[in-house]
Amino acid sequence: MTPARWPRPHRTVAQQLLGPLKELLDENSNLRVIQSVDLLSKLNEKERLKAARLFKLVHYPDGANIIEQGTEGNTFYIIKTGAAKVMVETDGGAPTEVNQIKAGGHFGETALLKSDKRNATITTIEPTECFVLSREDFTKAFGALKDIMEREAVEREAELDEAVLKASREDIKFEDLEVVAVLGSGTFGSVYQANLP
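Keep in mind that this is a model prediction, so the values were computed, not measured. (Residues numbered from 1 in each chain as written. Predicted model: local features only at pLDDT ≥ 70, side-chain atom pairs only at ≥ 80, totals over all residues. Heavy atoms only, no water.)

### Description of the overall build of the protein
If you tally the helices and strands in the protein, you get 4 helices and 12 strands. Of all 197 residues assigned to the protein, the portion counted as buried reaches 28%. Of the contacts made within the protein by residues no fewer than 6 positions apart, 66% connect residues no fewer than 24 positions apart. Summing over all exposed atoms, the protein offers an accessible surface of approximately 13800 Å²; the carbon and sulfur share of this is 54%. (Helix = DSSP H or I, 4+ residues; strand = E, 2+ residues; numbered from the N terminus. Buried < 20%, exposed > 50% of the residue type's maximum accessible area, 1.4 Å probe, protein only. Contact = heavy atoms within 4.5 Å. Areas by Shrake-Rupley, 256 points an atom, 1.4 Å probe, with all protein chains shown as cover.)

### Structural notes on the environment of Arg-32
Tracing the backbone shows Arg-32 in helix H1 (residues 11-36). Considered as a pair, Arg-32 and Arg-48 are 16 residues apart in the sequence and their alpha carbons are 9.5 Å apart.

### Some remarks on the environment of Glu-47
Along the chain, the position of Glu-47 falls in helix H2 (residues 45-54). When its relative accessible area of 14% is taken as the criterion, Glu-47 is described as buried. Between the alpha carbons of Glu-47 and Phe-142 there is a distance of 7.8 Å; along the sequence they are 95 residues apart.

### Considerations on the sheet that holds strand S2 (residues 65-67)
Paired through their backbone hydrogen bonds, the strands of a sheet run either parallel or antiparallel. The strand order S2-S9-S5-S6 describes an open sheet built from 4 strands, whose pairing is antiparallel. Pairing within the sheet leaves two strands with one partner each, and these edge strands are S2 and strand S6 (96-102). Across the sheet, the mean angle separating the axes of adjacent strands is 30 degrees when strand polarity is ignored. Bridge count for strand S5 (residues 83-88) against strand S9 (residues 121-124) is 4 bridges, and the pairing is antiparallel. Along S9, the bridge assignment pairs Lys-85 with Thr-123. (Pairing = 2+ DSSP bridges. Axes fitted to C-alpha atoms, helices over the stretch in contact; angles between N-to-C directions.)

### Some words on the packing of aromatic side chains
The way to describe two aromatic rings as a pair is by their centre distance and the angle between their planes. This model, assessed by the stated rule, comprises 3 aromatic pairs. Judged by centre distance (5.0 Å) and plane angle (15 degrees), the ring pair of Tyr-77 and Phe-107 falls under stacked. Residue Tyr-77 is located in strand S4 (residues 75-81), and its partner Phe-107 is located in strand S7 (residues 106-107); the two are separated by 30 residues in the primary sequence. For Tyr-77, a relative accessible area of 7% translates into the label buried. The exposure class of Phe-107 is buried, given its relative accessible area of 6%. Within the aromatic cluster, the residues linked to one another by ring pairs are Phe-55, Phe-76 and Phe-131. (Phe/Tyr/Trp six-rings, centres within 6.5 Å; stacked < 30°, edge-to-face > 60°.)

### Notes on the confidence of the model for the protein
Per-residue confidence for the protein gives a mean pLDDT of 78, with 76% of residues at or over 70. Taken element by element, the protein is modelled with least confidence in helix H4 (residues 145-171), mean pLDDT 63, and with most confidence in S2, mean pLDDT 95. (pLDDT = per-residue confidence, 0-100.)

### Re the side chain of Thr-128
Structurally, the position occupied by Thr-128 is in strand S10 (residues 128-134). Only 2.7 Å separates the side chain of Thr-128 from the backbone oxygen of Glu-126, close enough to count as a polar contact. Excluding residues within four positions of it along the chain, Thr-128 makes contact with Val-58, His-59, Tyr-60, Ile-79, Thr-81, Gly-82 and Ala-83. (Polar contact = N/O pair within 3.5 Å; in protein donor to acceptor, adjacent residues only side chain to side chain.)

Encoded structure:
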């Protein structure tokens with residue numbers, strides 16, 4: 001018996017089949033990274049998925065300046081692979097390495113909030129891939145991040161108010177209160193001013 005021989009798929013056919021899978025894997029990778037960044041964790045699940053699609057993958061060779069101190073910041077970066085050093089120049093002195101950022105680390109997040117000068121130079125120390133998100137793309141998709149953070153604060157405050165109200169209805173009995181004064185009496189009963197001791 002001779003072994004069966006399967007035809008080799010043509011390269012373009014294989015690419016067509018694997019293309020959507022690669023896109024899905026890239027999107028899932030972006031999503032995991034987004035969930036690990038505090039600033040972006042304020043997004044709900046639908047918004048995180050939308051943000052994951054906004055990130056672009058950019059390749060930097062060894063020794064490339066990703067951002068430079070003193071330039072205007074409008075882009076947020078997350079290192080996918082590789083590493084970079086953080087260099088700071090103070091008062092005209094020589095740049096000093098103050099930190100290194102490895103895969104999974106991020107920088108430039110304040111660029112999503114506001115336009116500001118970069119306070120450090122980030123230089124790759126090996127070939128590096130970064131997920132990159134511009135403030136413009138982020139704002140077009142979601143509005144200002146400040147609005148999202150304010151929405152989050154309002155939601156948290158509402159949850160806290162509801163919890164306090166629920167606790168106050170269940171735990172406090174009239175007998176637990178210290179009556180300070182009778183404010184009035186009428187057909188439906190008396191109104192008291194009371195303190196919780």
